[in-house]
Amino acid sequence: MLEIDPKQQLFPEIITMMDGQPMPDAEVIVYQKFFNALESDQLFQELLNGINWQQDKVKFNEQEIGIPRLTAWYGDEGKSYSYSGMVKHPSTWNPTLLRIRSRVEKVEKVNFNSVLLNLYRSGKDRVSWHSDDEAELGKNPIIASVSFGETRRFQFRHRINKTLDRITVNLTHGSLLIMKGSTQHFWQHQIPEAAKSLKERINLTFRIII
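First things first, this report covers the structure right here in the doc. Please read all numbers here as calculations on a predicted model, not as lab measurements.

## Notes on the pattern of salt bridges
Inference 1: Summed over the entire model, instances satisfying the criterion amount to nine salt bridges.
Inference 2: As a salt-bridge pair, glutamate 108 and lysine 180 come within 3.0 Å of each other at their nearest N and O atoms. Of this pair, glutamate 108 sits in helix α2 (residues 95-108) while lysine 180 sits in strand β15 (residues 175-180), and the two are 72 residues apart along the sequence. No difference in accessibility class separates glutamate 108 from lysine 180, as the two residues are buried.

## Observations concerning the environment of isoleucine 143
Inference 1: Note that isoleucine 143 resides in strand β12 (residues 143-149).
Inference 2: The spatial distance from the C-alpha of isoleucine 143 to the C-alpha of leucine 204 is 9.8 Å, given a sequence separation of 61 residues.
Inference 3: The residues contacting isoleucine 143, other than those within four sequence positions of it, are Asp132, Leu137, Leu177, Ile178, Met179, Gln184, Thr205, Phe206 and Arg207.

## Focus: the packing of aromatic side chains
Inference 1: A complete count under the given rule lists eight aromatic pairs for this structure.
Inference 2: A ring pair is formed by phenylalanine 34 and phenylalanine 35, whose centres lie 5.0 Å apart and whose planes are at 85°; its orientation type is edge-to-face. With respect to burial, phenylalanine 34 and phenylalanine 35 carry one shared label: buried.
Inference 3: Stacked on the ring of tryptophan 93, the Lys or Arg arginine 101 has its end atom at 4.4 Å from the ring centre.
Inference 4: Lying over the aromatic face of phenylalanine 34, arginine 103 brings its terminal NZ or CZ to 5.0 Å of the ring centre.

## Considerations on the nonpolar core
Soluble, globular proteins show a tendency: their nonpolar side chains are buried together.
Inference 1: Ile100, Leu117, Leu204 and Phe206 are the most contacted members of the largest nonpolar core, which has 29 residues in total.
Inference 2: Look past the residues within four positions of leucine 204 in its chain and what remains in contact with it is Leu47, Leu97, Ile100, Val115, Leu116, Leu117, Ala144, Ser145, Val146 and Phe148.
Inference 3: Residues Val127, Ile143, Phe154 and Leu164 belong to the second largest nonpolar core, which totals 23 residues.

## Examining the pairing of strand β7 (residues 70-75)
Note on strand geometry: in a regular strand, side chains alternate between the two faces of the sheet.
Inference 1: Of all six residues in β7, six are buried, a share of seventy percent or more.
Inference 2: Along β7, one buried face is formed by Leu70, Ala72 and Tyr74 and the opposite face, lined by Thr71, Trp73 and Gly75, is buried too.
Inference 3: Judged from the six bridges that link them, β7 and strand β10 (residues 114-120) form a sheet pairing that is antiparallel. Paired with glycine 75 across the bridge in β10 is serine 114.

What counts and what doesn't
- Residues numbered from 1 in each chain as written.
- Predicted model: local features only at pLDDT ≥ 70, side-chain atom pairs only at ≥ 80, totals over all residues.
- Heavy atoms only, no water.
- Salt bridge = Lys/Arg side-chain N within 4 Å of Asp/Glu carboxyl O.
- Helix = DSSP H or I, 4+ residues; strand = E, 2+ residues; numbered from the N terminus.
- Buried < 20%, exposed > 50% of the residue type's maximum accessible area, 1.4 Å probe, protein only.
- Contact = heavy atoms within 4.5 Å.
- Phe/Tyr/Trp six-rings, centres within 6.5 Å; stacked < 30°, edge-to-face > 60°.
- Lys NZ or Arg CZ within 6 Å of the ring centre and 35° of its normal.
- Core = buried A, V, L, I, M, F, W, Y, C linked by side-chain atoms within 4.5 Å.
- Pairing = 2+ DSSP bridges.

See below:
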């Protein structure tokens, strides 16, 4: 079993400016090496092989189509989650998820009771513009996003001020991105389709369902 090193030194990047572009109305922090390379490699394989992945479907023009990624929802009993017309009921936490959650909670000092996992199988898999602002998440939700595998572009755009440029963060193998405060009220985010061929990426977004 992989033991996560609790003494690993962390170097957060608090995003108030990105390439000279301001990011108002947000609290976003990035740790690009939250898990070291060995931890990240082993956790990626444990998640790839140990999660109950499935392809959700949404209705479009009276037809059901599969969303362009695989997903899974784990959490405490009764912590279901509704988004995009779907209702996700939690699978029981497994040891790998509990170890990752414990590490994240030591930084953010909150108790997450659920996690949404996404498996991007190639550069064609993606998630479109959205905010994590569902009622179950509360007024100012804290979202802790952990990434393993291929680096993908994570983009932000302001929902009101259209004069602000998009902000792009490269989420690398073993990175942690935290969004909190008013971020979900004012900003949307996406993982766009990649123009080139990419390997698999797994993302975990830890949440608090109220």
